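Close look at the chain arrangement
Below are the chains, spelled out letter by letter.
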Amino acid sequence: MRDAHELERAVGMWYYASDSDGTGGRLRESPSDFRVTEIEDFDTQPVDADRGDYPWLVLRVTLTSWDTNDFAREFANRLGMSRERVTWAGTKDRHAVTTQLFAVRDIEPEDVPEISDAGIDVVGRAGRGLQFGDLAGNEFRVVVRDPDDPEQADAVTADLAAFGGGEPGSRATSARSNRDAARPAVPNFFGQQRFGSKRPITHEVGLAILRDDWEGAAMAYLGAPSEYEPEDSQRARRFVEDTRDWEAALEEFPNRLRYERTMLHELADGGSFRDAVETFPSNLQRLFIHAAQSYAFNRMLSERMERGLPFHEPVEGDVVWFAESDAPEGVARPDSSRQQRVTADRVDVMARHCARGRAFVTAPLVGTDTELAEGEPGDIERAVLGELDLESGDFDLPGEFDSSGTRRAILLRPDLDVERDPLTFDFALPSGSYATVVLREYLKSDPTDL
């Protein structure tokens, strides 16, 4: 197996699934090089529907160089409302052109402001705001600039097809499974953005919260300078680590580090470390716990790779979820209500279901209700949690930090189209999966270029 970059290893992605050299190159030279369009799965009513029954106005917004949270804040500020009244189903990256839905409570179409680099169309009304789960997936069109060897894409695709069970002697037994076996397959890691592209610390904050270490959580966010961030940011973080002088630190931290500055104001006013962490918007508070879960998940997948266990089919002890029967076309998703534990006498049957795209091998995003696998997969899950000093009960927390947990498919098998001039990748992924997890296999570049 080919070792991953040190930044990727820091967030639990230890290896590449492909051994071939990559194409090289850079992503996001301009926002238009990275286009993301949501595959929507949210019912709306006409705009003139009764506002009493449907108080949420649903908008389709195309953003250029906007972070989703930043846009929501700007939208709310323009209307003098709480940002909590602006909801969405999936967070998108700033360095891209993105099209997604937002739902805003208690406004009329004529209230919608004009915002620079944001094309806003009114879609209709809804009886509730958007939430995770209302997004089926995302379509991506990504241009790679200055690749060293674009022809290497073919070798990587062959490697990834083999990783997905496409080698001779695989269990592909139908036209559908033979076709799927030729497609690239990658571990369904949580990508670098989940943790911070240049300063991967969100999981460290989350792990500290789960250990009831609020000082550690606050300092993981305020301190912990990274060589990949600007020098003035590094200098400010070293200052706050060395002095714990919150008021003086406000003079050191650049204005662009607004979350840190809000935390510092809280601490300077006599607030506790927990108070400082709770200055984050509710969705970002949840993100810290989700990042801790994601890190543990990544570690479990890396350990599975290290032990040589397959991703495309189960082994004894695995937990498999069957596919949703009504998922939108082009996006295969596991159904949490249709779970099967794989016993010794069911391995071959479940392998056939997985080969036909009817089921998925899963690993846990640990929470209060998590039941771990058995056999060797269960050994991996318990070993990772033991190393992180985590158990299910740690997620029984007040407020936004509580999580019941779930499971997640461990393999992605995108229907990928590659163009050569310029090197361009077109594909779709289910919600919660990361385009950069696919593209890292092809480029094998420094993660900061992704």
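What counts, and where the lines are drawn
- Residues numbered from 1 in each chain as written.
- Predicted model: local features only at pLDDT ≥ 70, side-chain atom pairs only at ≥ 80, totals over all residues.
- Heavy atoms only, no water.
- Helix = DSSP H or I, 4+ residues; strand = E, 2+ residues; numbered from the N terminus.
- Rg over C-alpha atoms; globule rule 2.2 N^0.38 Å.
- Buried < 20%, exposed > 50% of the residue type's maximum accessible area, 1.4 Å probe, protein only.
- Contact = heavy atoms within 4.5 Å.
- Lys, Arg positive; Asp, Glu negative; His and termini not counted.
- Charge placed at Lys NZ, Arg CZ, Asp CG, Glu CD.
- Salt bridge = Lys/Arg side-chain N within 4 Å of Asp/Glu carboxyl O.
- Phe/Tyr/Trp six-rings, centres within 6.5 Å; stacked < 30°, edge-to-face > 60°.
- Lys NZ or Arg CZ within 6 Å of the ring centre and 35° of its normal.
- 1 Å grid on protein atoms, 1.4 Å probe; cavity = no way out; pocket = protein on both sides within 12 Å on 5 of 7 lines; lining within 4 Å.
- Points joined across faces, edges and corners; volume = space filled by probe spheres on them.
- Nonpolar A, V, L, I, M, F, W, Y, C, P; charged D, E, K, R; others polar.
- Pairing = 2+ DSSP bridges.
- Axes fitted to C-alpha atoms, helices over the stretch in contact; angles between N-to-C directions.
- Core = buried A, V, L, I, M, F, W, Y, C linked by side-chain atoms within 4.5 Å.
- pLDDT = per-residue confidence, 0-100.
- Parallel < 35°, antiparallel > 145°, perpendicular 65-115°, else oblique.

Our focus in this paragraph is the overall build of the protein. Broken down by element type, the protein carries 14 helices and 16 strands. In terms of overall size, the protein behaves like a compact globule, its C-alpha atoms giving a radius of gyration of 22 Å where 450 residues would be expected to give roughly 22 Å. Once the C-alpha set of the protein is aligned to its principal axes, its extents read approximately 65 × 55 × 45 Å. Looking at the protein residue by residue over its 450 residues, the buried ones come to 54%. Considering only contacts within the protein whose residues lie at least 6 apart along the sequence, 74% involve residues at least 24 apart. Distance between charge centroids for the protein: 3 Å, based on 52 positive and 87 negative side chains.

Within helix α9 (residues 258–268), the full set of buried residues consists of Tyr259, Glu260, Arg261, Met263, Leu264 and Leu267. Elements in contact with the buried residues of α9: α2 (68–79), α6 (214–222), α7 (231–243), α8 (246–252), α10 (273–277) and α11 (282–307). Count one or two residues on from α9 and you reach Gly270, which has phi positive near 95°.

So, on to the pattern of salt bridges. Tallied over the full model, the rule gives 39 salt bridges. Notably, a salt bridge pairs Glu74 with Arg78, separated by 2.7 Å at the nearest N-O pair. Of this pair, Glu74 and Arg78 both sit in helix α2, four residues apart, which is roughly one turn of the helix. In this structure, Arg235 and Glu231 form a salt bridge, with 4.0 Å as the shortest nitrogen-oxygen distance. Taken together, the residues Arg235 and Glu231, both in helix α7 and four residues apart, mark about one turn of the helix.

Here the focus is the packing of aromatic side chains. Counting across every chain of the model gives 17 aromatic pairs. Aromatic side chains Tyr221 and Phe288 sit 6.0 Å apart centroid to centroid with 70° between the ring planes, which places their arrangement in the edge-to-face category. Remark: Phe288 occurs in helix α11 and Tyr221 occurs in helix α6; sequence separation between them is 67 residues. In this structure Tyr221 comes out as buried when scored by relative accessible area, which is 13%. The class of Phe288 is buried, set by a relative accessible area of 2%. Judged by centre distance (5.0 Å) and plane angle (55°), the rings of Phe425 and Tyr442 are tilted. With Phe425 in strand β16 (residues 423–430) and Tyr442 in helix α14 (residues 435–443), the pair connects residues that are 17 residues apart, well separated along the chain. The exposure class of Phe425 is buried, given its relative accessible area of 0%. For Tyr442, a relative accessible area of 0% gives the class buried. An aromatic cluster of at least three residues, connected via ring pairs, comprises Trp66, Phe71, Phe75, Trp88 and Phe102. We note Arg28 situated over the ring of Phe34; from NZ or CZ to the ring centre the distance is 3.9 Å.

Quantified by volume, the second largest pocket comes out at close to 160 Å³. If you list the elements that add at least two residues to the lining of the second largest pocket, you get α3 (152–166) and α11. Residues that form the lining of the second largest pocket fall into these classes: eight nonpolar, two polar and three charged.

What follows deals with the sheet that holds strand β12 (residues 359–365). The strands that make up a sheet pair up through hydrogen bonds in the backbone, lying either parallel or antiparallel. Across the sheet, four strands lie side by side as β11-β10-β12-β13; this open sheet has antiparallel pairing. At either margin of the open sheet sits one strand with a lone partner, and together these are β11 (334–341) and β13 (406–409). On average, each strand axis in the sheet is tilted by 50° relative to the strand beside it, whichever way the strands run. Pairing of strand β10 (residues 319–323) with β11, which is carried by four bridges, proceeds in the antiparallel orientation. Bridge pairing in β11 links Val319 to Arg341.

By size, the foremost hydrophobic cluster in this structure holds 98 residues, and its most contacted members are Phe34, Ile209, Phe425, Phe427 and Tyr442. Among the elements that make up this core, the one with the highest residue count is α11 (eleven residues). Apart from the residues within four sequence positions on either side, Phe427 is in contact with Asn138, Glu139, Phe140, Pro414, Asp415, Leu416, Ala435, Val438 and Leu439. Counting 18 residues, the second-largest nonpolar core is a separate cluster that includes Leu63, Trp66, Ala72 and Val86.

Moving on, we come to the confidence of the model for the protein. Per-chain confidence: the protein averages 93 in pLDDT, with 96% of residues scoring 70 or above. Contacts from residues 168–179, a stretch scored under 50 in pLDDT, to residues over four places away or in other chains number 14 contacts.

The final tally for this structure, using the stated rule, is one cavity of 30 Å³ or more. Empty space within the largest cavity amounts to approximately 80 Å³. Contributions of two or more residues to the lining of the largest cavity are made by α11, β12 and α13 (375–387). Tallied by class, the residues present in the lining of the largest cavity amount to six nonpolar, one polar and four charged.

Attention now moves to the environment of Asp335. Position of Asp335 among the secondary structure elements: in strand β11. Taking the relative accessible area as the measure of exposure, Asp335 reaches 19% and is therefore buried. Measuring from C-alpha to C-alpha, the distance between Asp335 and Thr68 comes to 27 Å, with 267 residues separating the pair along the chain.

For the rest of this paragraph, the subject is the packing of helix α5 (residues 202–210) against α11. Between α5 and α11, the least distance of the axes is 7 Å, while the angle of their chain directions is 100°. Accordingly, the angle class assigned to the pair α5 and α11 is roughly perpendicular. Residues Thr202, His203, Val205, Gly206, Leu207, Ile209 and Leu210 of α5 touch α11, and the partners they reach there are Phe288, Ile289, Ala291, Ala292 and Tyr295. Broken down by class, the residue content of the contact of α5 with α11 amounts to nine nonpolar, three polar and no charged.

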